[in-house]
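A look at the structure
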Amino acid sequence: MADEHLIEPLVEAHQVFKGSFLDVRRDTVQLPKQQGLATREYVRHSGAVMIVPILDDGRLVLERQYRHPIGQVLLEFPAGKIDPNESQLHCAQRELLEETGYTAREWACAGVMHNAPAYSTEGIGIWFARGLQAGPQQLDHGEHIEVVLMEEAELDALAGRGEMTDAKSLIALMWLQKWRAGQWPLHWQSA
């Protein structure tokens, strides 16, 4: 399918703010069909990964973490930002170890999700991990994470009641259920 009639070519790019985590942009674009110019504000992001860690008994490794922008503790699958020149797999392995203390023998990449494409370039790689080995957390300075082990049905019930609101974790739960039902494949590789 041709997309040319929807594309907004860049006319002028501006960096509004650059911090240690956020890079805020305000660009001017040409609207399709020569309908004039428009402004697009967004956050440039290096990308992230999320991990669905599956224990040998089928339980899932999740975490509870306070999220300052919304002032709440959220239940989430482990996740983190990709460092410069870091592969998604390496980032997934590093984040799983740092945040939960677990390492994994096998990994599978399900795909990439764009959780807020209207205002962020962030793509989140969705990774599954199994053959887990427990160890101590290696949290970054200022990170406070509580590791939680849950059955899939328990997590599904929380999501159904609206008690799990993290978008990436809801997508991961759906992907897990589709995979376990034999509907969406995963291609496993050794660590």
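Residues numbered from 1 in each chain as written. Predicted model: local features only at pLDDT ≥ 70, side-chain atom pairs only at ≥ 80, totals over all residues. Heavy atoms only, no water.

A short note on the packing of aromatic side chains
One pass over the full model with this rule turns up 4 aromatic pairs. When the centroid spacing of 6.5 Å and the interplanar angle of 70° are considered together, the rings of tryptophan 107 and tryptophan 127 count as edge-to-face. Taken together, the residues span a long stretch of sequence, with tryptophan 107 in strand E9 (residues 103-113) and tryptophan 127 in strand E10 (residues 124-133) at a distance of 20 residues. Accessibility assignment for this pair places tryptophan 107 and tryptophan 127 in one class, buried. Chaining the aromatic ring pairs together yields one cluster made of Phe128, Trp179 and Trp188. (Phe/Tyr/Trp six-rings, centres within 6.5 Å; stacked < 30°, edge-to-face > 60°. Helix = DSSP H or I, 4+ residues; strand = E, 2+ residues; numbered from the N terminus. Buried < 20%, exposed > 50% of the residue type's maximum accessible area, 1.4 Å probe, protein only.)

A closer look at the packing of helix H2 (residues 152-160) against helix H3 (residues 167-180)
In contact at an axis separation of 11 Å, H2 and H3 are set at 135° when each is read in the N-to-C sense. As judged from the angle between their axes, H2 and H3 are oblique. In terms of crossing hand, the pair formed by H2 and H3 is left-handed. Along its contact with H2, which presents Glu152, Leu155, Asp156 and Ala159, the element H3 presents Leu170, Leu173, Leu176, Gln177 and Arg180. For the contact of H2 with H3, the class distribution of residues is 5 nonpolar, 1 polar and 3 charged. (Axes fitted to C-alpha atoms, helices over the stretch in contact; angles between N-to-C directions. Parallel < 35°, antiparallel > 145°, perpendicular 65-115°, else oblique. Left-handed = near helix turned anticlockwise from the far one by under 90°. Contact = heavy atoms within 4.5 Å. Nonpolar A, V, L, I, M, F, W, Y, C, P; charged D, E, K, R; others polar.)

Here we look at the nonpolar core
If you look at the biggest cluster of nonpolar residues, it comprises 26 residues, and the most contacted ones within it are Val52, Leu60, Phe77, Phe128 and Leu155. Put simply, the parts of the chain that give this core at least two residues each are strand E5 (48-54), strand E6 (60-67), E9, E10, strand E11 (145-150), H2 and H3. Discounting residues that sit within four places of it in the chain, phenylalanine 128 has contacts with Val52, Ile54, Glu106, Trp107, Ala108, Ala110, Ala172, Trp175, Leu176, Leu186 and Trp188. Core analysis: the next-biggest nonpolar cluster, separate from the first, contains 15 residues, Leu55, Tyr102, Ala104 and Ala129 among them. (Core = buried A, V, L, I, M, F, W, Y, C linked by side-chain atoms within 4.5 Å.)

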